[in-house]
Amino acid sequence: MIVLSLKNLVKSFGGLAAVAGVSFDVERGEIVGLIGPNGAGKTTVFNLVTGTIPADNGNIFFGGRDIDRLRPHQIVKLGLARTFQTIRLFPGMSVLENVLSGCHCRMFAGVISSFLRLPSQRREERSSLAKAMEELEFVGLAGMWRQTAGGLAYGDQRRLEIARAIATEPRMIILDEPAGGMNEQETLELRGLIAAIQARDITVMLIEHDINFVMRVCNRLIVMENGALIAQGTPEDIRRDPRVIEAYLGADD
Ligand SMILES: Nc1ncnc2c1ncn2[C@@H]1O[C@H](COP(=O)(O)OP(=O)(O)OP(=O)(O)O)[C@@H](O)[C@H]1O
Ligand SMILES: [Mg+2]
């Protein structure tokens, strides 16, 4: 079953075609890596998919539904969550409050019942707290719930962003350089976390420069260069693809 489908997506900035007609599908349950050199257009693809910026042309289908005119919060509600290449937490708020901000997109009690503090609202508040603590447990940060998010080590901030995204109860999560700034041990733990996310039936797509990491973590890779998709396949296929070696892997050696 296809969860996410991009059809001929185009986005230019001034004269620069950051995404120049990209099409691909993501199947339910996959862990897909989106790779390519700096400036290839990877983050722009994620920004288009999550409604952060509008496309110039093309279509995006999520769960069979055309989402390319929707606002970011509407897309989150449909079950597509993300993290950012440049961490975007509420740095002055606690770790727990940051995760609660994700839970709140699933709360039904409206502004009025919240203002009146009706029992239905108090129940939701309690279950949100329990849920937020569960997700902190899931990413391994439960012991830090009181701490200020901005004071956490870099790798912990990345995991906190994942907890907040998962708290929105997504069907799919997209991670922009989740291992960025992580040490070897943290990167190893991140591999386990991504496998655990997949085990919860959440489809994963991620951007990552650490080629050993993507080769180990991903079931399938999609390679971009200069705004275009140049290859897709299993990690083994991609490792052997001459065009990929020339465009990307070769550059690292
Ligand atoms: N908001 C913007 N305004 C103008 N140009 C932009 C904007 N966002 C991206 N670009 C340009 O579009 C191209 C693709 O950028 P993008 O961030 O998508 O690349 P990337 O593959 O994520 O690169 P990296 O691996 O360095 O994160 C780059 O040339 C970039 O400078
Ligand atoms: Mg990027």
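Above this text sits the structure in question.
Note that the structure is predicted; figures quoted are calculated from it, not measured.

The rules behind these values
- Residues numbered from 1 in each chain as written.
- Chains lettered and ligands numbered in written order.
- Predicted model: local features only at pLDDT ≥ 70, side-chain atom pairs only at ≥ 80, totals over all residues.
- Heavy atoms only, no water.
- Helix = DSSP H or I, 4+ residues; strand = E, 2+ residues; numbered from the N terminus.
- Rg over C-alpha atoms; globule rule 2.2 N^0.38 Å.
- Buried < 20%, exposed > 50% of the residue type's maximum accessible area, 1.4 Å probe, protein only.
- Contact = heavy atoms within 4.5 Å.
- Areas by Shrake-Rupley, 256 points an atom, 1.4 Å probe, with all protein chains shown as cover.
- Lys, Arg positive; Asp, Glu negative; His and termini not counted.
- Charge placed at Lys NZ, Arg CZ, Asp CG, Glu CD.
- Pairing = 2+ DSSP bridges.
- Axes fitted to C-alpha atoms, helices over the stretch in contact; angles between N-to-C directions.
- Parallel < 35°, antiparallel > 145°, perpendicular 65-115°, else oblique.
- Nonpolar A, V, L, I, M, F, W, Y, C, P; charged D, E, K, R; others polar.
- Near = heavy atom within 4 Å.
- Polar contact = N/O pair within 3.5 Å; in protein donor to acceptor, adjacent residues only side chain to side chain.
- Phe/Tyr/Trp six-rings, centres within 6.5 Å; stacked < 30°, edge-to-face > 60°.
- Lys NZ or Arg CZ within 6 Å of the ring centre and 35° of its normal.
- Donors = N, O, S within 2.8 Å, 3.2 Å for Na, K, Ca; no water.
- 1 Å grid on protein atoms, 1.4 Å probe; cavity = no way out; pocket = protein on both sides within 12 Å on 5 of 7 lines; lining within 4 Å.
- Points joined across faces, edges and corners; volume = space filled by probe spheres on them.

J.: Mind showing me how you'd approach the overall build of the protein here?
T.: Along the protein, the regular secondary structure elements total 10 helices and 10 strands. Relative to a compact globule of 253 residues, whose C-alpha radius of gyration would be 18 Å, the protein shows 19 Å and is just as compact. Counting only C-alpha atoms and orienting by the principal axes, one finds that the protein spans roughly 60 × 40 × 35 Å. Taken over 253 residues, the protein has a buried fraction of 50%. Restricting to contacts in the protein with at least 6 residues of sequence separation, those with at least 24 account for 67%. Here the protein has roughly 12,100 Å² of accessible surface; of this, 51% comes from carbon and sulfur atoms. With 28 positive and 30 negative side-chain charges, the protein shows a separation of 8 Å between the mean positions of the two kinds.

J.: Hey, could you run me through the sheet that holds strand β10 (residues 228-233) in this one?
T.: Within a sheet, neighbouring strands are paired by backbone hydrogen bonds and run either parallel or antiparallel to one another. The sheet built from 6 strands is open, its strands ordered β6-β7-β8-β3-β9-β10 with mixed pairing. A strand with exactly one partner marks an edge of an open sheet, and here the two such strands are β6 (80-82) and β10. Across the sheet, the mean angle separating the axes of adjacent strands is 20° when strand polarity is ignored. Against the sheet, helix α6 (residues 154-166) makes contact with β6 and β7 (172-176), and its axis sits at roughly 155° relative to β7, the strand it touches most. Contacting β3 (31-35), β7 and β8 (203-207), helix α7 (residues 184-199) runs over the sheet at an angle of about 145° to β8.

J.: Any chance you could explain the packing of α6 against α7 here in plain terms?
T.: In a packed pair of helices, the relevant descriptors are the angle between the two axes and the axis-to-axis distance. Between α6 and α7, the shortest axis-to-axis distance is 11 Å and the interhelical angle comes to 10°. Considering their axes alone, α6 and α7 lie roughly parallel with respect to each other. Mapping the contact onto sequence places G155, D156, R159, I162 and I166 in α6 and E186, E189, L190, L193 and I197 in α7. Taken together, the residues of the contact of α6 with α7 sort by class into 5 nonpolar, 1 polar and 4 charged.

J.: Please clarify how the site of ligand 1 should be interpreted in this entry.
T.: Close to ligand 1 lie 14 residues, the nearest being N38, K42, T44, Q85 and H209. Note that an oxygen atom of ligand 1 is positioned 3.2 Å from one of the backbone N or O atoms of A40. G41 is positioned such that a nitrogen or oxygen atom in its backbone is 3.0 Å from an oxygen atom of ligand 1. Against a free-state accessible area of 630 Å², the protein chains account for coverage of 61% of ligand 1. Secondary-structure elements contributing two or more residues to the shell around ligand 1 are β2 (16-27) and α1 (42-49).

J.: Would you mind going over the packing of aromatic side chains with me for this structure?
T.: Two aromatic rings, taken as a pair, are described by how far apart their centres are and by the angle between their planes. If you walk through the whole model with that rule in mind, you get 0 aromatic pairs. One cation-aromatic arrangement involves R200 over F138; the distance from NZ or CZ to the ring centre is 4.5 Å.

J.: Mind showing me how you'd approach the coordination of the magnesium ion (ligand 2) here?
T.: Four donors placed tetrahedrally about a metal ideally form angles of 109.5 degrees, and six donors placed octahedrally ideally form angles of 90 or 180 degrees. Those donors, T43 (OG1) and Q85 (OE1), are the protein atoms that reach the magnesium ion (ligand 2), and they lie 2.0 to 2.2 Å from it. Pair noted here: T43 is in helix α1 and Q85 is in the loop between β6 and α3 (95-103), with a separation of 42 residues, a long-range link. Take T43: its relative accessible area is 23%, and that puts it in the partly exposed class. Here Q85 falls in the partly exposed class, since its relative accessible area comes to 33%.

J.: Help me understand the layout of surface pockets, please; the structure alone is not making it clear to me.
T.: Left-over empty space is what a probe sized like a water molecule reveals as it rolls over the atoms. Reported here for the largest pocket is a volume of approximately 520 Å³. Lining the largest pocket are 19 residues, with P72, V76, R82, F84 and T168 positioned closest to its centre. At the level of secondary structure, the elements contributing two or more residues to the lining of the largest pocket comprise α2 (72-77), β6, α3 and α6. Among the elements that take part in the lining of the largest pocket, α2 stands out by supplying 4 residues, more than any other. Per-class residue counts for the lining of the largest pocket are 8 nonpolar, 6 polar and 5 charged.

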